[in-house]
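Here's the letter readout for the chains.
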Amino acid sequence: MNYNFVSITILPLITAFIATLVATPLSIYFLKKYKLMDDPKTHKHPAIIHAKPIPRGGGIPLFIGVLIASILFLPMTQVIVATLFAAFISLLIGVIDDKYDVSPYLRFGINILCAVFVVFLGVSVPFITNPLGGILSFSSLQLPFFDGFTVTFLSGLIAILWIVWVMNMLNWSKGVDGQMPGIVAISAIIIGILSLRFSHLDQTSATAATLSFIVAGASLGFLIFNFYPAKIFPGYGATAIYLILAVASILSGAKLATAILVMGVPMTDGLITIARRILSGKSPFWHDKKHLHHLLLSLGFGQRRIALFYWTISAILGALSLVLSSKGKLFAIIMLVILAGGAILFLQIILKRADDKTSI
């Protein structure tokens, strides 16, 4: 086996896995000591499904695992340093939220600032693959009076929107034990495999591959303690890892369609959640129990089965994304949104009717 391949993939993954595996029980001890707990008796949240206090600062060991492996295996370029620093800020506001439940608008504002910071220091989406052939380069989208600035603005804006979206979409995907780390690990592995295709030609792709496998290793290490029954929750601090995953997907060569497809189910659920809340006259940040995992819980599915369901779908979609053409990915994304969206809406209608009959 080629040493370069091992140093890009296996060693970073194992290092992040072991570091997180060691950091998590230590974090649990200190989180309990300093009372960073999710207590269902005091934490008033409609989506709470656990019955006893659980530490909710899982972002800390996740970030520690990623940081240690990154220092050992990644070149400390401006982009990597900026990404790790932005992730640390996300972790910081997340841990504060885990302790004090800060305003969701403040959290969202910090998400945007972290994404802007990363983009300002070099992360951007200069092009996307055209499903009909070729690429859509933003360098061709010049506007009068904004020569040069337009390209930077468009590529940077898309990167900011993508990073903020992934941070929030994955944050909504931790409703049952083990759900989030499994999705993140599978997504990171798929993005890492995609990056390996070009790693021998491009240092950025090699960096993206290593970063992806580091995120996967940390997520798998955390999963051992987060799978049902969870000994620790990710908390909002885990947005640090989502930010890093979003950056890795951009560095992999702007193959965002692959990332969209592998995270397709939680992404569709997130879109429907936002639309549902806005159409009902509520804030998109308003909490409820109508995510897909909540609907499956209402149907009698256990947390383990729901987590395994998400992992299986993500793995299947990820495998497809590696073999489909750009046009095939577009078709798959459209079909996924229609099928998953229709299934979610159907389950909501069925459960609402069942509740109406019960209340009569």
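Look above for the structure.
Below, the structure is looked at part by part. These numbers come from a predicted model, not from an experiment.

1. Concerning helix α7 (residues 179–196)
Link 1 in the chain: With 18 residues, α7 extends 26 Å between its outermost C-alpha atoms, agreeing within 8% with the 26 Å of an ideal straight helix rising 1.5 Å per residue.
Link 2 in the chain: Burial analysis of α7 places 15 of its 18 residues in the buried class, which makes it a mostly covered element.

2. Here's the deal with the packing of α7 against helix α9 (residues 239–251)
Link 1 in the chain: Interhelical geometry of α7 versus α9 gives an angle of 20 degrees and a closest axis separation of 10 Å. Considering their axes alone, α7 and α9 lie roughly parallel with respect to each other. In the crossing of α7 with α9, the sense of the turn from one axis to the other is left-handed. For the pair α7 and α9, contact is made by Met 180, Val 184, Ser 187, Ala 188 and Ile 191 and by Ile 241, Tyr 242, Leu 245, Ala 248 and Ser 249, respectively.
Link 2 in the chain: Partitioning the contact of α7 with α9 into residue classes produces eight nonpolar, two polar and no charged.

3. A word on the side chain of Ser 70
Link 1 in the chain: Checked against the element boundaries, Ser 70 lands in helix α3 (residues 59–73).
Link 2 in the chain: Within the structure, the side chain of Ser 70 is placed 2.7 Å from the backbone oxygen of Val 66, a separation counted as a polar contact.
Link 3 in the chain: The contact partners of Ser 70, leaving out residues within four places of it in the chain, are Met 76, Leu 84, Leu 211 and Ile 214.

4. Quick word on the pattern of salt bridges
Link 1 in the chain: Under the definition given, this model contains three salt bridges.
Link 2 in the chain: The salt bridge partner of Arg 56 is Asp 101, with a shortest N-O separation of 3.2 Å. Linking Arg 56 in the loop between β2 (54–55) and α3 with Asp 101 in the loop between α4 (78–100) and α5 (104–120), this pair joins segments that are 45 residues apart in sequence.
Link 3 in the chain: For the salt bridge of Asp 97 with Arg 107, the shortest nitrogen-to-oxygen distance reads 3.2 Å. Taken together, the positions of Asp 97 in helix α4 and Arg 107 in helix α5 put the pair 10 residues apart, joining distant regions of the chain. Per residue, the accessibility class of Asp 97 equals that of Arg 107, and both read buried.
Link 4 in the chain: Via salt bridges that share partners, Arg 56, Asp 98 and Asp 101 belong to a single interconnected network.

The rules behind each value
Residues numbered from 1 in each chain as written. Predicted model: local features only at pLDDT ≥ 70, side-chain atom pairs only at ≥ 80, totals over all residues. Heavy atoms only, no water. Helix = DSSP H or I, 4+ residues; strand = E, 2+ residues; numbered from the N terminus. Expected span 1.5 Å × (residues − 1). Buried < 20%, exposed > 50% of the residue type's maximum accessible area, 1.4 Å probe, protein only. Axes fitted to C-alpha atoms, helices over the stretch in contact; angles between N-to-C directions. Parallel < 35°, antiparallel > 145°, perpendicular 65-115°, else oblique. Left-handed = near helix turned anticlockwise from the far one by under 90°. Contact = heavy atoms within 4.5 Å. Nonpolar A, V, L, I, M, F, W, Y, C, P; charged D, E, K, R; others polar. Polar contact = N/O pair within 3.5 Å; in protein donor to acceptor, adjacent residues only side chain to side chain. Salt bridge = Lys/Arg side-chain N within 4 Å of Asp/Glu carboxyl O.

Treat this as a map of the structure, not an account of what it does.
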